[in-house]
Amino acid sequence: MPRWGAWVVAGGVLMSLACPGRAADRTPRQVVETLNATLLDVLKDAETLGFQGRFERLKPVIQDTFDVAFMAEKSLALRWKKLSEADRARWIALFGDFTVANFAANFDRYTGQTFQVLGEEPAANDTRLVRTRVVTPGAGNVDFAYRLRANRSQWAIVDVYLKGTVSELALRRSEYASALERGSFEELLHTMRGKIAHLAAGGGEREAM
C-alpha cells in the first residue's frame, strides 16, 4: 500500500491559469471523482511512469481540481499579507509543485486499489465535504474527506481531512509558521525545494521537513 497513512495529498501555476472553465459545471462530488479517476489511472501505470511521469500526468488534474492559490495563501496565514506580489507568485508556484509531488511520490504502487465516494455534505462557510475511501485488497482502508469551495461558481478542493477529521491545510500552516519563526521566507522556499527533491528521490514527505 502506498504511503497514504501519513499523507494522502501530496502545479506550479495559479489555479486561474489552469483552464478554469473545465470545473465550472461540475458538482463537488464530480470534481473529486475526476481527481480519483486520474489517481487510479496513474496508480495502474505508476512503476512504468516513475516519479517524473506521475508528476507530469497529475499536474493538470491538480491544477484543475484544487484551488492552489487559495490554499497557498491560507497556508501562510497573516504572513501572506507581508509578501510582495512577486513573492506571492513564487510561493503559489512552489506550493503547487509540492502538492503535485506529494501525490506523485505517495501514489506509487498499484495493488488492486479502488476509490469510493462515500457521500457529500454541507460544511462551514458555504463549503462542501466529499468523503472518500481508498480500498486496498488485503489491507486496511484509508478514509479521508475533501473540502471544496466555489470560486467564481467553480468548485475546487481547498483542504483534505486525514482520517476524516485532521485538516492537512492546518498542519501545513503550523509547519510553515514554525519554519518562519526560525528563519526567513527565502529559507522556507529553500526547505520546500528540498522537500520536493526528497519526494522525487523516493522519500516520504513526513521525513522531509
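Data block above holds the structure.
Residues numbered from 1 in each chain as written. Predicted model: local features only at pLDDT ≥ 70, side-chain atom pairs only at ≥ 80, totals over all residues. Heavy atoms only, no water.

Q: Explanation requested: the layout of surface pockets in the structure shown.
A: Leftover empty space is mapped by rolling, across the atoms, a probe with the size of a water molecule. Roughly 160 Å³ of internal volume is contained in the largest pocket. Lining the largest pocket are 13 residues, with Phe 70, Lys 74, Arg 147, Val 158 and Leu 169 positioned closest to its centre. Classifying every residue of the lining of the largest pocket gives five nonpolar, three polar and five charged. (1 Å grid on protein atoms, 1.4 Å probe; cavity = no way out; pocket = protein on both sides within 12 Å on 5 of 7 lines; lining within 4 Å. Points joined across faces, edges and corners; volume = space filled by probe spheres on them. Nonpolar A, V, L, I, M, F, W, Y, C, P; charged D, E, K, R; others polar.)

Q: Is there a simple way to think about helix α6 (residues 185-200) in this case?
A: In an α-helix, one turn spans 3.6 residues; hence positions three or four apart end up facing the same way. The end-to-end C-alpha distance of α6, which contains 16 residues, comes to 23 Å, matching closely the 22 Å that a straight helix rising 1.5 Å per residue would cover. Along α6, the residues classified as buried are Phe 185, Leu 188, Leu 189, Met 192, Lys 195, Ile 196 and Leu 199. For α6, the angular spread of buried residues about the axis comes to 120 degrees, placing them on one side. On the buried face of α6, the contacting elements are α2 (46-65), α3 (68-76), α4 (85-106) and α5 (168-182). Looking one or two residues beyond α6, the residue adopting positive phi is Gly 202, at roughly 100 degrees. (Helix = DSSP H or I, 4+ residues; strand = E, 2+ residues; numbered from the N terminus. Expected span 1.5 Å × (residues − 1). Buried < 20%, exposed > 50% of the residue type's maximum accessible area, 1.4 Å probe, protein only. Arc of directions from axis to C-beta. Contact = heavy atoms within 4.5 Å.)

Q: What should I look at first to understand the side chain of Ser 75 in this one?
A: Assignment of secondary structure puts Ser 75 in helix α3. Leave out the neighbours within four places in its chain, and Ser 75 touches Trp 91, Phe 95, Leu 169, Arg 172, Arg 173 and Tyr 176.

Q: Can you help me understand the packing of aromatic side chains in this one?
A: Both the distance between ring centres and the angle between the ring planes are used here to describe each pair of aromatic rings. All told, the structure shown has nine aromatic pairs when counted by the stated rule. Consider the rings of Phe 107 and Phe 115, whose centres lie 6.4 Å apart with planes at 15 degrees: the pair is stacked. On the basis of relative accessibility, which here comes to 1%, the residue Phe 107 falls in the buried class. What makes Phe 115 buried here is its relative accessible area of 17%. Put simply, the rings of Phe 66, Phe 103, Phe 107, Phe 115, Phe 144 and Tyr 146 touch in pairs and so form one group of aromatic residues. Arg 149 extends its terminal NZ or CZ atom over the ring of Phe 70, reaching a point 4.0 Å from the ring centre. (Phe/Tyr/Trp six-rings, centres within 6.5 Å; stacked < 30°, edge-to-face > 60°. Lys NZ or Arg CZ within 6 Å of the ring centre and 35° of its normal.)

Q: Help me understand helix α1 (residues 28-44) in this model?
A: An ideal rise of 1.5 Å per residue puts 24 Å on 17 residues; α1 measures up with 25 Å between its terminal C-alpha atoms. Listed in full, the buried residues belonging to α1 are Pro 28, Val 31, Val 32, Leu 35, Asn 36, Thr 38, Leu 39, Val 42 and Leu 43. One face of α1 carries all of its buried residues, which in axial projection span an arc of 165 degrees. In the core, the buried residues of α1 are packed alongside α2, α4, β1 (114-123), β2 (127-135), β3 (142-151) and β4 (154-162).

Q: What should I look at first to understand the packing of α2 against α4 in this one?
A: When two helices pack together, you describe them by how their axes are tilted relative to each other and by the distance separating the axes. Following both chains from N to C, one finds α2 and α4 inclined at 125 degrees, their axes separated by 8 Å at the closest point. If you check the angle between α2 and α4, you find them oblique. You can see that α2 and α4 cross each other, and the crossing is right-handed. Counted together, Phe 51, Arg 54, Phe 55, Leu 58, Lys 59 and Ile 62 of α2 and Asp 97, Thr 99, Val 100, Ala 101, Phe 103, Ala 104 and Ala 105 of α4 form the full contact between these two elements. For the contact of α2 with α4, the class distribution of residues is nine nonpolar, one polar and three charged. (Axes fitted to C-alpha atoms, helices over the stretch in contact; angles between N-to-C directions. Parallel < 35°, antiparallel > 145°, perpendicular 65-115°, else oblique. Left-handed = near helix turned anticlockwise from the far one by under 90°.)

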